[in-house]
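Close look at the chain arrangement
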Amino acid sequence: MEKHRKPFNYKKLIVYIISYFFAFIMLVPLVWMVVTSFKPEGSVVTVIGELIQPPFTLDSYFKVNDTSEIWRWTANSVFVGAVQTAGTLLVSSLAAFAISRIPFKGKNFVFLIILAGLMVPVEATIVPLFSMIADLGWVNTFQALILPGIALPLGVLILKQFYDSIPTELVEAAKMDGASLFTIWYKIFLPLSRTSMAALAIFVFVQSWNNFLWPLLVATDASMMTLPVGIPTFQSAFATDLSVPMAANVIGSVPALIIFLIFQKHIIQGITMTGIK
Amino acid sequence: MGALNREQKDMEEQSAKHKVVHYPQKKNKVKRNESLKSNAIAWAFLFPFMLLYVWFMLYPIIQGFFTSLTTGSFGMAREFSGLDNYVRLLSDQAFWQSLWNTVYFVLISTPTIVIFGLILALIVNAKLKGTTFLRSAFFMPYMLSISVMASIWVFILQPYTGFLNAILGQLGVSEEIFWLGNEHLAWISILVATLWWTLGFNMVLFLAGLQDISEEMYEAADIDGASAWAKFWHITLPSLKGVVTLVVILQSVASFKLFGQPWLMTGGGPGDATRPLVQYIYELGFIQWDPGYASAVSYVLFGVMAIFAAIQYKLLVKKEG
């Protein structure tokens, strides 16, 4: 680019304009959500001039705080996401270790069954899954929200592929020293796979955080709802007053946006790893 | 097994020769014990995953198939009815409508997401000033939960008090547009909201693909005096084949499972114009309490996706091979 020095690079200017125009379009709904949430109830939020001028107030936030269980929903979402993530990492790394490193009868069959699960949409199993949960009396419980999402075939696949790349010599040496398979998994494979595990963790957490259909079915009690289910329930009472629903949206988005800003690099790396496999 | 038997025979022959009877048998036993032990340990490692997997995945799949062969309301005694539910499907207008809606969404969302995802990735990859800002701006909507995303768009799009119509009004559009109340506009709205929400994710995948292309190829093209467009067409696009395939697969799988956006934005309406297959399953199962029929529709979704996965697998293997 420095080779051809022109007085003014129009092409580059156009690229800049297009790029920042896209960024502007992507940000407008977000900025609108945030600004609207600070407007007093019943104010005009359709005229840009009035929208960006004071008065601003925290009233809508207080109202959300007083009339909804949004903190409870946030806590539920965080709890469900955290337990699901930890559970998935644990069970899939154990299973991946067995498939990658321990000889046993029927290994190919087991791996095939797990791979087949990659093709099954959870959405197609909700009817039998729900009737099972209902029979167990688990509607409106954490185990109903958490357990069905833990055995994730993708997790086994990703970790197995990584475990396959760990040199055999390392395992043999540890065996010579009298280490058990469990020790080898715990002391060698777990620490070595930190990057893959982090990628998988982010993937599972985001999925759990955004899960909508399943919590909609099993969390009917307001105290058991997660954010994606709770927020629309709360908002359905507001049709024309926008500041209160938007305040709920902001509260519901803050944890995820903070996580994004802190772990941006890891999240993007995680998507690349879990996506491209 | 065969090898083991042969080994055993060899050992027996040898032991017979040398008149040592006990030692080889003992060794053999140790071996068998070791393999038994290895099996046991493997299953101990597999157990937690397989327990949950069988319980919450395999069992419901099989149970769903048997349910689809029965009739009767939720919680009531089920009556075996053979393939009746599947026959009923064939003449169910609402089923065909929802199946078409889902396929329609797959068809409109996949190419647009590929094109715009790639554009955003090219922008972020172009080493402009403020790349970090651009990347964050493109990616941030993906971090919102589906309900927040849908509610922002519903309030932006709603007539009379919505932000979009207000802006259009200021630009001189005097007509009040019912974005979510008109069949075609509702689909456009769902598509735009989905694009806004998921482009960042696909951008990241494309970005990884772009960064894998070696600089040398571009340098060589520069020496040959290739234009930017020629470089894009002959170097960038061909190198991205793998990523495009991946995005197409991920996106179409996600689109087949479409539920949240129409459920929260249009409720499947107007009429049932935007009701996808998953919503139909939901309504049959949990509003009309007809699990048998809902399971049959689930199996259709399952089947359609399996066929689709097979086609894509073939394409993928062909491209990589």
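Along each chain, numbering runs from 1 in the same order as the chain's sequence is written. All chains are assigned letters beginning at A, and all ligands numbers beginning at 1, according to the order in which they are written. Given that this is a predicted model, residues contribute local features only at a pLDDT of at least 70 and side-chain atom pairs are listed and counted only at 80 or more, while totals for whole chains, interfaces and linings are drawn from all residues. Side-chain measures here rest on the full set of heavy atoms in the structure, leaving out hydrogens and waters.

Time to look at the overall build of chain A. Helix numbering and strand numbering both begin at the N terminus, where a helix is a DSSP run of H or I of at least 4 residues and a strand a DSSP run of E of at least 2. Each helix and strand in chain A was counted, giving 14 helices and 0 strands. Reading chain A from its N terminus to its C terminus gives the helix and strand order α-α-α-α-α-α-α-α-α-α-α-α-α-α. For chain A, the C-alpha radius of gyration of 25 Å lies well beyond 19 Å, the compact-globule estimate for 277 residues. Three exposure classes are used, based on accessible area relative to the maximum for each residue type with a 1.4 Å probe and protein chains only: buried under 20%, partly exposed in between, and exposed over 50%. Residues classed as buried in chain A amount to 53% of the 277 residues present. The contact criterion used is simple: two residues touch if any of their non-hydrogen atoms lie within 4.5 Å. The contacts of chain A with a sequence gap of at least 6 include a subset with a gap of at least 24, amounting to 72%. When the accessible area of chain A is evaluated, it comes to approximately 13300 Å², of which 68% is carbon and sulfur surface. In summary, the charge assignment counts Lys and Arg as positive and Asp and Glu as negative, without counting His or the chain termini. A single reference atom marks each charge: NZ on Lys, CZ on Arg, CG on Asp, CD on Glu. Between the centroid of the 17 positive side chains of chain A and the centroid of its 14 negative side chains there is a distance of 17 Å. Radius of gyration means the value over C-alpha atoms here, while the globule rule gives 2.2 Å times the residue count to the 0.38 power. Accessible areas in this description were obtained via Shrake-Rupley with a 1.4 Å probe; residue shielding takes into account the shown protein chains only.

The subject of this paragraph is the overall build of chain B. A count of helices and strands for chain B gives 14 helices and 2 strands. The buried share of chain B, taken over its 321 residues, is 48%. For chain B, the proportion of contacts with a sequence separation of at least 24, taken over those separated by at least 6, is 64%. Summed over all atoms, the accessible surface of chain B reaches about 16500 Å², with 65% contributed by carbon and sulfur.

In this section: empty space enclosed by the protein. All names here are of chain A. Definitions used for this entry: grid spacing 1 Å over protein atoms alone; cavity, a set of points where a 1.4 Å probe fits but cannot get out; pocket, an open set with protein on both sides within 12 Å along at least 5 of 7 lines; lining residue, one with an atom within 4 Å of a point. Grid points are joined across faces, edges and corners, and a volume is the space filled by probe spheres set on the points. The tally for this structure, following the rule as stated, stands at 3 cavities of 30 Å³ or more. Put simply, the largest cavity is a space of about 70 Å³. Along its surface, the largest cavity is lined by S77, V80, Q84, L145, S208, W209, N211, P215, T226 and P228.

For an interface, size is often stated in terms of accessible area lost upon the parts coming together. With 84 residues of chain B at the interface, the matching set in chain A holds 91 residues. Summing the contributions of chain B and of chain A, the shared interface buries around 7900 Å²; its carbon and sulfur component is 81%. When two parts are put together, the accessible area they lose, computed with a 1.4 Å probe and summed over both, is reported as buried area. The three residues of chain B that bury the most area against chain A are F45, F49 and M143 of chain B, which together make up 10% of that side's buried surface. What makes a salt bridge here is a side-chain nitrogen of Lys or Arg within 4 Å of a carboxyl oxygen of Asp or Glu, nothing more. The interface formed by chain B and chain A holds 0 salt bridges in total. Identification of polar contacts relies on pairs of N or O atoms within 3.5 Å, with a donor-acceptor requirement for protein atoms, meaning one able to donate a hydrogen and the other able to accept it, and with residues adjacent in sequence counted only if both atoms are side-chain atoms. Inspection of the chain B/chain A interface yields 14 residue pairs in polar contact (both at pLDDT 80 or more).

Note on placement: L147 of chain A falls in the loop between α7 (142–146) and α8 (153–164). L147 of chain A sits 19 residues away from P128 of chain A along the chain, and the two C-alpha atoms are 15 Å apart. Beyond its immediate stretch of four places on either side in the chain, L147 of chain A contacts W138 of chain A together with L52 and F56 of chain B.

Right, let's get into the packing of helix α4 (residues 93–125) of chain B against helix α8 (residues 183–211) of chain B. Angle between the axes and distance between the axes: these two values describe a pair of packed helices. Residue and element names in this part refer to chain B. All axes are obtained by fitting lines to C-alpha atoms, using only the stretch in contact for helices, and the reported angles, taken between N-to-C directions, cover 0 to 180 degrees. It is at 6 Å that the axes of α4 and α8 come closest, and there the two elements cross at 45°. Taken together, α4 and α8 sit at an angle that is classed as oblique. The interaxial crossing formed by α4 with α8 has right-handed handedness. By residue class, the composition of the contact of α4 with α8 is 20 nonpolar, 9 polar and no charged. Angle categories: roughly parallel below 35 degrees, roughly antiparallel above 145, roughly perpendicular from 65 to 115, and oblique for all the rest. Working rule for handedness: look at the near helix, and if it is turned counterclockwise from the far one by less than a right angle, call the crossing left-handed; if clockwise, right-handed. Residue type decides the class: Asp, Glu, Lys and Arg count as charged, Ala, Val, Leu, Ile, Met, Phe, Trp, Tyr, Cys and Pro as nonpolar, and the leftover types, Gly among them, as polar.

What follows covers the pattern of salt bridges. Residue and element names in this part refer to chain B. Tallied over the full model, the rule gives 5 salt bridges over all chains. Notably, a salt bridge pairs D290 with R88, separated by 3.1 Å at the nearest N-O pair. Note that D290 is positioned in the loop between α13 (277–286) and α14 (291–320) and R88 in helix α3 (residues 84–90), a separation of 202 residues in sequence. Owing to a relative accessible area of 15%, D290 belongs among the buried residues under this scheme. Measuring nitrogen to oxygen at the nearest pair gives 2.7 Å for the salt bridge that ties R275 to E283. Taking the relative accessible area as the measure of exposure, E283 reaches 14% and is therefore buried. Taken together, the shared-partner salt bridges connect D272, R275 and E283 into one network.

Residue and element names in this part refer to chain A. Patch building starts from residues that exceed 30% relative accessible area and form no salt bridge, then joins like charges within 9 Å and nonpolar side chains (Val, Leu, Ile, Met, Phe, Trp, Tyr) within 5 Å. A cluster of nonpolar side chains, contributed by V254, I258, I259, I262 and F263, occupies part of the molecular surface with about 430 Å² of accessible area. One can find V254 in helix α14 (residues 243–276). Take V254: its relative accessible area is 37%, and that puts it in the partly exposed class.

Here the focus is the confidence of the model for chain B. Residues and elements named next belong to chain B. Scored from 0 to 100, pLDDT reflects the predictor's confidence in each residue. Of all residues in chain B, 88% have pLDDT values of 70 or greater, and the mean over the chain is 85. pLDDT under 50 marks residues 15–22. Its contacts with residues more than four places away, or in other chains, come to 2 contacts. Overall fold confidence (pTM) sits at 0.86, and the ipTM for the predicted complex is 0.87.

Here we come to the side chain of T141 of chain A. Residues and elements named next belong to chain A. Positionally, T141 belongs in the loop between α6 (126–135) and α7. Residue class for T141 comes out buried when judged on its relative accessible area of 17%. Reaching out from T141, the side chain makes a polar contact with the backbone nitrogen of A144 at a distance of 3.3 Å.

Before going further, it helps to spend a moment on the packing of aromatic side chains. Paired rings are identified among Phe, Tyr and Trp, the last through its six-membered ring, by centres lying within 6.5 Å, and are further divided according to the angle between planes into stacked (under 30 degrees), edge-to-face (over 60) and tilted (the rest). With the rule as written, the count across this model stands at 38 aromatic pairs over all chains. Ring geometry for F182 of chain A and W185 of chain A: centres 5.4 Å apart, planes at 45°, overall tilted. Of this pair, F182 of chain A and W185 of chain A both sit in helix α10 (residues 181–192), 3 residues apart, roughly one helical turn. Only Lys NZ and Arg CZ are tested; either one counts as a charge over a ring when it is within 6 Å of the ring centre and within 35 degrees of the ring normal. A cation over a ring is seen here: K39 of chain A above F56 of chain A, with NZ or CZ 5.0 Å from the ring centre. The lysine or arginine in question, R88 of chain B, covers the ring of Y293 of chain B, its NZ or CZ lying 3.6 Å from the ring centre.

In this fold, Q264 of chain A is placed in helix α14. Residue classification places Q264 of chain A among the buried residues on the basis of a relative accessible area of 11%. A distance of 3.0 Å separates polar atoms of two side chains, one belonging to Q264 of chain A and the other to S136 of chain B. Ignoring any residue separated from it by four or fewer positions in sequence, one finds Q264 of chain A in contact with I259 of chain A together with T132, R135 and S136 of chain B.

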